[in-house]
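# Coordinates in review
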Amino acid sequence: NAGVTQTPKFQVLKTGQSMTLQCAQDMNHEYMSWYRQDPGMGLRLIHYSVGAGITDQGEVPNGYNVSRSTTEDFPLRLLSAAPSQTSVYFCASSYTGTSNEQFFGPGTRLTVL
Amino acid sequence: GQQLNQSPQSMFIQEGEDVSMNCTSSSIFNTWLWYKQDPGEGPVLLIALYKAGELTSNGRLTAQFGITRKDSFLNISASIPSDVGIYFCAGAPKTSYDKVIFGPGTSLSVIP
C-alpha cells in the first residue's frame, strides 16, 4: 500500500492564480481531510469528508473548495490564491469508528507571491 | 474556540536522557492522541488514548490520559537521535472527526 499520497510536493503561485492539490489513499478509508500547518499554530482543519459525495467545512474553510467523487481521491482547490494561503498542506485519512486515528500524507508546501 | 497548550515549546537533551512533555486544555476531551512529525514529512500517529487514567506504551514511548480529562502526558525513555522531531498532541471532545484539535507542538532536539 502507498498509504496517503499528495502531489505536488512543492508549488509556487502568483496571487490570483488557481490550482488543485491532489490527495489519494489506497486504504479504503471513508474519512479524508485537509489541514494546513503554519509555524507555531499546529494543524488546522480546512475541509473534511466522511465518504464519497459528502464534504463539510472545518475550522478554516474560506478560500478553499473540495469534492469527493470517489473513496480514494479528495482534491483541494484554491480558486484565487492569496499570500495568506502560503502554508504546508496535509491530507489525512482514517477508518470509520477510529476516525481520530488519522494517517497523513507527506504534505504540499505552497508559496503564494 | 478550544485550544490546546503544549509544554515545553522546545527542548534540547542529551542522548540517553528521558523526556517528558505535556498537553493541557481548558475543555474536557474523550480522546487524546500523540503524533510525531519528522522534518519535511507528515505527522505519524504514536499513541491513541480513549479512557481517563489510561496509560499506554509504544516501545520507549509512554502516554497517559489525565484523570481530569483535560490533559495528557508523553514520556520518552532513553532518547536516541532518531527521536528528533516535533511532537503534537491532539484531542477530541468525542469520537467526532471534525472536532480533533491539534496543539502547537513540542520540538525535540537530541544531542549525540
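We now turn to the structure provided with this report. In this text, all values refer to a predicted model and were calculated from it rather than measured experimentally.

### What about the state of the cysteines?
In total, this model carries 2 disulfides over all chains according to the counting rule given. With its sulfur 1.8 Å from that of its partner, Cys23(A) forms a disulfide with Cys91(A). Here the S-S torsion is close to -70°, and the disulfide linking Cys23(A) with Cys91(A) is therefore left-handed. One end of the pair, Cys23(A), is in strand E3 (residues 19-25); the other, Cys91(A), is in strand E9 (residues 87-94), and 68 residues separate them in sequence. The same class applies to Cys23(A) and to Cys91(A), which are both buried. With a sulfur-sulfur separation of 1.9 Å, Cys23(B) is cross-linked through a disulfide to Cys89(B). On the sign convention where negative is left-handed, the bridge of Cys23(B) and Cys89(B), at about 50° about the S-S bond, is right-handed. With Cys23(B) in strand E3 (residues 19-25) and Cys89(B) in strand E9 (residues 85-92), this pair connects stretches of sequence that are 66 residues apart.

### Focus: the side chain of Lys36(B)
All names here are of chain B. In this structure, Lys36 sits in strand E4 (residues 31-37). Looking at Lys36, its side chain comes within polar contact range of the main-chain oxygen of Ser82, at 2.6 Å. With sequence-adjacent residues up to four places away left out, Lys36 is seen in contact with Gly42, Pro43, Val44, Leu46, Ser82, Asp83, Val84, Gly85, Ile86 and Tyr87.

### Quick notes on the interface of chain B and chain A
Taken residue by residue, the interface counts 22 residues in chain B and 22 residues in chain A. For the pair chain B and chain A, the summed buried area comes to about 1,700 Å², and 56% of that belongs to carbon and sulfur atoms. There are 3 residue pairs in polar contact (both at pLDDT 80 or more) connecting chain B and chain A. Going through the elements one at a time, E4, strand E5 (44-49) and E9 of chain B are the ones with two or more residues in the side of chain B that touches chain A. In terms of residue class, the side of chain B that touches chain A is built from 12 nonpolar, 7 polar and 3 charged.

How each quantity is defined
Residues numbered from 1 in each chain as written. Chains lettered and ligands numbered in written order. Predicted model: local features only at pLDDT ≥ 70, side-chain atom pairs only at ≥ 80, totals over all residues. Heavy atoms only, no water. Disulfide = S-S within 2.5 Å. Helix = DSSP H or I, 4+ residues; strand = E, 2+ residues; numbered from the N terminus. Buried < 20%, exposed > 50% of the residue type's maximum accessible area, 1.4 Å probe, protein only. Polar contact = N/O pair within 3.5 Å; in protein donor to acceptor, adjacent residues only side chain to side chain. Contact = heavy atoms within 4.5 Å. Buried area = accessible area lost by both parts, 1.4 Å probe. Nonpolar A, V, L, I, M, F, W, Y, C, P; charged D, E, K, R; others polar.

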